[in-house]
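# Report on the structure
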Amino acid sequence: MASGMEHLCPAPMKATSNGIFQGDNPLDFALPLAILQICLVLVVTRGLAFLLRPLRQPRVIAEIIGGILLGPSALGRNKAYLNAVFPPKSITVLDTLANIGLLFFLFLVGLELDLKSLRQSGKKVLGIAVAGISLPFALGIGSSFILRETIAKGVNAPSFLVFMGVALSITAFPVLARILAELKLLTTNVGRMAMSAAAVNDVAAWILLALAIALSGDNLSPAVPLWVFLSGCGFVIGASLIVPPIFKWMSRRCHEGEPVDEMYICGTLAAVLAAGFVTDIIGIHAMFGAFVIGVLVPKEGPFAGVLVEKVEDLVSGLFLPLYFVSSGLKTNVATIQGIQSWGLLALVIFTACLGKIVGTFIVSLLWRIPKREALALGFLMNSKGLVELIVLNIGKDRKVLNDQIFAIMVLMALFTTFITTPLVLAVYKPAEKARKSDYKHRRVERKNPNTQLRILACFHSSWNIPSIINLLEASRGTERGERLSVYAMHLMEFSERPSAILMVHKARHNGLPFWNKGQRSANHVVVAFEAFQQLSQVSVRPMTSISSFTDMHEDICITAERKDIAIIILPYHKNLRLDGSFESTRPDFHLVNKRVLEHASCSVGIFVDRGLGGSAQISASNVSFSITVLFFGGRDDREALAYGARMAEHPGVELTVIRFLLESDSSEEIVRIDTVSPTLVSADEEFLADFRTSISKDSSIKYEEKNVRNVSETITIIHDYSRCSLFVVGQMPNGVVAVVLSQRIDCPELGPIGSFLTSPKFSTTASVLVVQQYYDQSYSISSQQMV
């Protein structure tokens, strides 16, 4: 910031003012000025992030642009504003706060990197990572010769070469992870390879950066960079020997679901600062020490997750944006003047993109990755973001990069990150790739009931799992397990928070969404489904959807389409309380359920769990469920009955089917309703005739017809069956009784009968499955029986 300073040594600022009433200007004091700066930064960066959200850009883009706008490139052209809000004497305080934020952010980045998964990265990922570093590094060195001949005369040659190489070869791992999540690519092959290659790239880049810093000191002796580098290596080796045993001891004393001792958190944060202090003494940047400590913290157990939760909001939300402003104040786009400067900017952008994209693309093709995926990988590896800014800022502080080169490189980082999302979307759309030609069994009701039933069972948390598994066990039907194929999807919310990346690592490490047959997993979710698979001989594939609530339904619907699913089972968005009533703990899931019902290309069931089979998974031989299907008429009720009939094949299941018929002398309450379509009635009669023929020799199925005159009689009959284990009902029954009941509907996606069965007025311990049959509008109603 020397360019904006009137004198080199501004008078030090006092910390706090006495207030305007005693004649003090708060902006002349460090604390009130820092508060104003932080508030301004937050408003600008969050506002830009909101504006850029429709473009699906990561938040880092908004923060870089915000920093540039607040600096001398835009608002800072007004000298009165710059001297009032960002005076030269305040920059030291701002930079100190920004670097503390950076220190802890690099600790979080280290926590996100799982060395075990890096060691397990195959030759393919390693090849892509090496190509993604070496070619851009070589091109960076090549372009540095051109820059030194033109706008960077007189700089330290070795350090400038290395800085340029690192700046062009880096891939921002944290930014890439968020772009992948935004594009719903985290759990695809491309996403897996990009994440692993970027992690390898990141580690290599930090090592190269340490080398660049070692070379960039203001010294004449060639021995000094060597001492710096050797001391840095000594620090890493010493930390690797001392730190992991201590953290493993802490991690063993932290148990899932229990609060972590505050002493351990304080000790870890102190260790981060101490490591930063040591690396700063050595002559490498303090953030390098913080990063090393983050990498060495064990990722197993709850300890790492708790650390991230404690640190991330304050760091990512408050301190880190200051780093972007600190960069923005050093960036003056006005220094890029004339055809030569703009030509050099174009050259730097071209070489950066060429090295990353072409290098990754060629190596990916050599590993026989499809062209579109290889191109998408190249674009993804080209994202820069925050990590690039760190490199550039260190180069600027070390006088390796002058104002003009710094501005050129910041714009290059901004451009390469900005184009990542649109370019990947242009060449690679897994959602479209998943769209197949029409598959046959999109519902449970079908001509041949002996065909395989494919279910996508979704759950939010571990408390859903025992009941879901018990429902699936009942759905298995006969002893021939191959007639049921289950995909169990864990629905997890993804956010901008660093802990979301840790969550992705844990999901992948535990065999989700990729079935890990080779080794037993410690994850209770996978263990539960592994046990169910072995006991029931049913094909079970656990998977994870990690996405924001706004597009979680897309994950569910695309997976159902891709896996030829007949019915999706979703958990009800409310939890059962001890008094038997329901409370909404995550209302966001309500929206997810509604959208799945709207967009799914197969049948959908919403499972209202009141503890089906108790709180534990039960074995096939111990299944003893009494299931009641309430049949009023219509395709949803036919689907419910088809599902009930399938469950009745299980030796431990007793099925009761209650068909409600309207008496001719019914009361006015019902007569006012229009009669139902005769076509639907004939479809119901045909379906029921087939059903009654098929159950004539089955003693475990009871079929009863009940004549009712009004709603109160209907409710009384339903009450008689309240002691069953599970009600299976259609979402939108067509009978006139159901239409009257719908006037009291509480939850539209449960329909009239489902709403009544889950209301506080109806006392029961029975769980409820509300079924909506898939209906293709292009088919006529009469063809609904066909499959």
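What you are looking at is a predicted structure, and each value in this text was computed from that prediction instead of being measured. (Residues numbered from 1 in each chain as written. Predicted model: local features only at pLDDT ≥ 70, side-chain atom pairs only at ≥ 80, totals over all residues. Heavy atoms only, no water.)

### Thoughts on the state of the cysteines
In the structure shown here, the tally under the stated rule is zero disulfides. Cysteine C602 is unpaired, with the sulfur of C557 as its nearest cysteine sulfur at 7.6 Å. Overall, C602 belongs to the buried group, its relative accessible area being 1%. (Disulfide = S-S within 2.5 Å. Buried < 20%, exposed > 50% of the residue type's maximum accessible area, 1.4 Å probe, protein only.)

### Things to note about helix α11 (residues 262-282)
When the terminal C-alpha atoms of α11 are compared, their 30 Å separation across 21 residues agrees well with the 30 Å that a helix rising 1.5 Å per residue should span. Taken together, the buried positions of α11 are Y264, I265, T268, V272, A275, G276, T279 and I282. The arc enclosing the buried residues of α11, seen along the axis, measures out at 130°, which places them on a common side. Residues of α11 that are exposed and point more than 90 degrees away from the buried face comprise E262, M263, F277 and I281. Of the surrounding secondary structure, the elements contacted by the buried residues of α11 are α4 (91-112), α10 (223-252), α12 (286-296) and α13 (303-330). Capping the start of α11, D261 holds a side-chain oxygen 2.9 Å from the backbone nitrogen of M263, two or three residues further along. Of the residues one or two after α11, G283 is the one with positive phi, at around 115°. (Helix = DSSP H or I, 4+ residues; strand = E, 2+ residues; numbered from the N terminus. Expected span 1.5 Å × (residues − 1). Arc of directions from axis to C-beta. Contact = heavy atoms within 4.5 Å. Polar contact = N/O pair within 3.5 Å; in protein donor to acceptor, adjacent residues only side chain to side chain.)

### Overview of the sheet that holds strand β11 (residues 726-730)
Pairing is mixed in the open sheet, where 10 strands are placed in the order β3-β2-β1-β4-β7-β12-β11-β8-β9-β10. The open sheet has two edge strands with one neighbour each: β3 (539-547) and β10 (701-708). Strand-to-strand twist of the sheet, defined as the mean angle between neighbouring strand axes without regard to direction, takes the value 20°. The sheet contact formed by strand β1 (residues 453-459) and strand β2 (residues 484-493) spans seven bridges and is parallel. Within β2, the residue paired with L453 across the bridge is L484. Most of the contacts of helix α19 (residues 465-475) go to β1, to which it runs at about 170°, and overall it touches β1, β2, β4 (567-571), β7 (603-608), β8 (625-631), β9 (653-662) and β11. (Pairing = 2+ DSSP bridges. Axes fitted to C-alpha atoms, helices over the stretch in contact; angles between N-to-C directions.)

The values reported here are purely geometric and, on their own, carry no functional implication.
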